[in-house]
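# What the coordinates show
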Amino acid sequence: MRTKLFLLLLLAALFQPFVADARKARTPKMSIFADHIRSIAQQENISFQQAAKAVKEMGYEGVDVWTTSSQEELKALDEVGFEHASAIAYIDYNGENYVEEEKHTIRFMREKGFPRVLVVPALMRENAPEGTLEKVLERLDAFSRRAAKEGLDVMVEDFDDPHSPCYNTEALDLLFKSAPHLTHTFDTGNYLFNGEDGSTS
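These numbers were taken from a predicted model, which means no experiment stands behind them. (Residues numbered from 1 in each chain as written. Predicted model: local features only at pLDDT ≥ 70, side-chain atom pairs only at ≥ 80, totals over all residues. Heavy atoms only, no water.)

In this section: the packing of helix α2 (residues 34–44) against helix α3 (residues 48–57). Between α2 and α3, whose axes approach to 8 Å, the crossing angle comes to 115°. Note that α2 runs across α3; the crossing there is right-handed. Contacts from Ala 34, Ile 37, Arg 38, Ile 40 and Ala 41 in α2 reach Phe 48, Ala 51, Ala 52 and Val 55 in α3. Residues that form the contact of α2 with α3 fall into these classes: 8 nonpolar, no polar and 1 charged. (Axes fitted to C-alpha atoms, helices over the stretch in contact; angles between N-to-C directions. Helix = DSSP H or I, 4+ residues; strand = E, 2+ residues; numbered from the N terminus. Left-handed = near helix turned anticlockwise from the far one by under 90°. Contact = heavy atoms within 4.5 Å. Nonpolar A, V, L, I, M, F, W, Y, C, P; charged D, E, K, R; others polar.)

Moving on: unusual backbone geometry. The phi torsion at Asn 45 lies on the positive side, around 55°, for a residue other than glycine. On the basis of relative accessible area, Asn 45 is assigned to the exposed category, the value being 72%. Residues other than glycine seldom take positive phi values, yet Asn 127 does so here, at roughly 60°. Inspection of the secondary structure assignment puts Asn 127 in the loop between β5 (116–121) and α6 (132–149). (Buried < 20%, exposed > 50% of the residue type's maximum accessible area, 1.4 Å probe, protein only.)

This next bit is on the packing of aromatic side chains. To describe a pair of aromatic rings, you give the distance between the ring centres and the angle between the ring planes. Scanning all chains against the criterion turns up 3 aromatic pairs. The interplanar angle of 45° and the centroid separation of 5.5 Å between the aromatic rings of Tyr 93 and Tyr 98 together place this pair among those described as tilted. A relative accessible area of 1% places Tyr 93 in the buried class. (Phe/Tyr/Trp six-rings, centres within 6.5 Å; stacked < 30°, edge-to-face > 60°.)

Restricting attention to buried positions, one finds in helix α4 (residues 71–80) the residues Glu 73, Leu 74, Ala 76 and Leu 77. Buried residues along α4 cover an arc of 160° about the axis, so they all sit on one side. Among the exposed residues of α4, those oriented more than 90 degrees off its buried face are Glu 72 and Lys 75. Elements in contact with the buried residues of α4: α2, α3, β3 (62–66) and α5 (98–112). Immediately downstream of α4, the backbone of Gly 81 shows phi near 105°, a positive value. (Arc of directions from axis to C-beta.)

A word on the nonpolar core. Here is a general trend for soluble globular proteins: nonpolar side chains tend to be buried in one another's company. Formed by 41 residues in total, the largest nonpolar core has its most connected members in Ile 37, Val 65, Leu 77, Phe 82, Tyr 93, Val 119 and Leu 175. In terms of residue count, the dominant contributor to this core is α6 (5 residues). Those residues in contact with Val 65 that lie beyond four places of it in its chain are Ala 34, Leu 74, Leu 77, Ser 86, Ala 87, Ile 88, Phe 108 and Phe 114. (Core = buried A, V, L, I, M, F, W, Y, C linked by side-chain atoms within 4.5 Å.)

A word on the packing of α5 against α6. The contact between α5 and α6 brings their axes to 12 Å, and the two run at 25°. Between α5 and α6, the angle is such that the two are roughly parallel. By crossing handedness, the relation of α5 to α6 is classed as right-handed. Judged by residue contacts, Tyr 98, Glu 102, Thr 105 and Ile 106 of α5 engage Arg 139, Phe 143, Arg 146 and Ala 147 from α6. Residue composition of the contact of α5 with α6, by class: 4 nonpolar, 1 polar and 3 charged. (Parallel < 35°, antiparallel > 145°, perpendicular 65-115°, else oblique.)

Taken across its 5 residues, strand β6 (residues 153–157) has 5 buried, putting it largely inside the fold. Pairing of β5 with β6, which is carried by 3 bridges, proceeds in the parallel orientation. Paired with Val 117 across the bridge in β6 is Val 154. Each parallel crossover has a hand, and for β5 linked through α6 to β6 it is right-handed. (Pairing = 2+ DSSP bridges. Right-handed = clockwise from strand over helix to strand, strands pointing away.)

This model, assessed by the stated rule, comprises 8 salt bridges. Between Arg 38 and Asp 35 there is a salt bridge whose closest N-O contact spans 2.8 Å. Taken together, the positions of Arg 38 and Asp 35, both in helix α2 and 3 residues apart, correspond to about one turn of that helix. Arg 38 sits in the partly exposed class, given a relative accessible area of 26%. Among the ionic pairs, Arg 125 bridges to Asp 92, the shortest N-O distance being 3.0 Å. Of the two residues, Arg 125 is situated in the loop between β5 and α6 and Asp 92 in the loop between β4 (83–91) and α5; the sequence distance between them amounts to 33 residues. What makes Arg 125 partly exposed here is its relative accessible area of 47%. Linked through salt bridges whose partners overlap, the residues forming this network are Asp 35, Arg 38 and Glu 73. (Salt bridge = Lys/Arg side-chain N within 4 Å of Asp/Glu carboxyl O.)

Encoded structure:
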């Protein structure tokens, strides 16, 4: 089991995103997405808490979790001693329910003690009306400004789908110009996916 765990976590580390934020220094730490812990538990036929403990013993300090994560998993991660690195929220800015999704995200961050959130915007719909992208960018900007007033960081990362508003350097440049309060979670794996060199992007 230890060999399999090591290989899986090595891959996770190689493609581990990190926050690039010029406005404030952050303490470097190795964090892991809770979904990877769940995958280990399933593959090794062990409990989620056992998998979390094994990962923690390998040197991972922080954990990234969906804002929809179960209370059982959140409790297990806390009991093992993981720090709260970042929350992850899927928000559909194409539709009209995004306000409730934003409220849930802020509430989760406050209640669970996560200082930052990685927002995964829904993919842009094909044949969307003209001006849809601009509306999505405006909504992301408003959310990041509102969160900043409460001392919370909103991040986005390069995403490996051409329909994402965060797909590549060109899309991210437009996004950061439209929403200057956003910060960037840098994922070298996704830059490679879309044919860019992450070290120079």
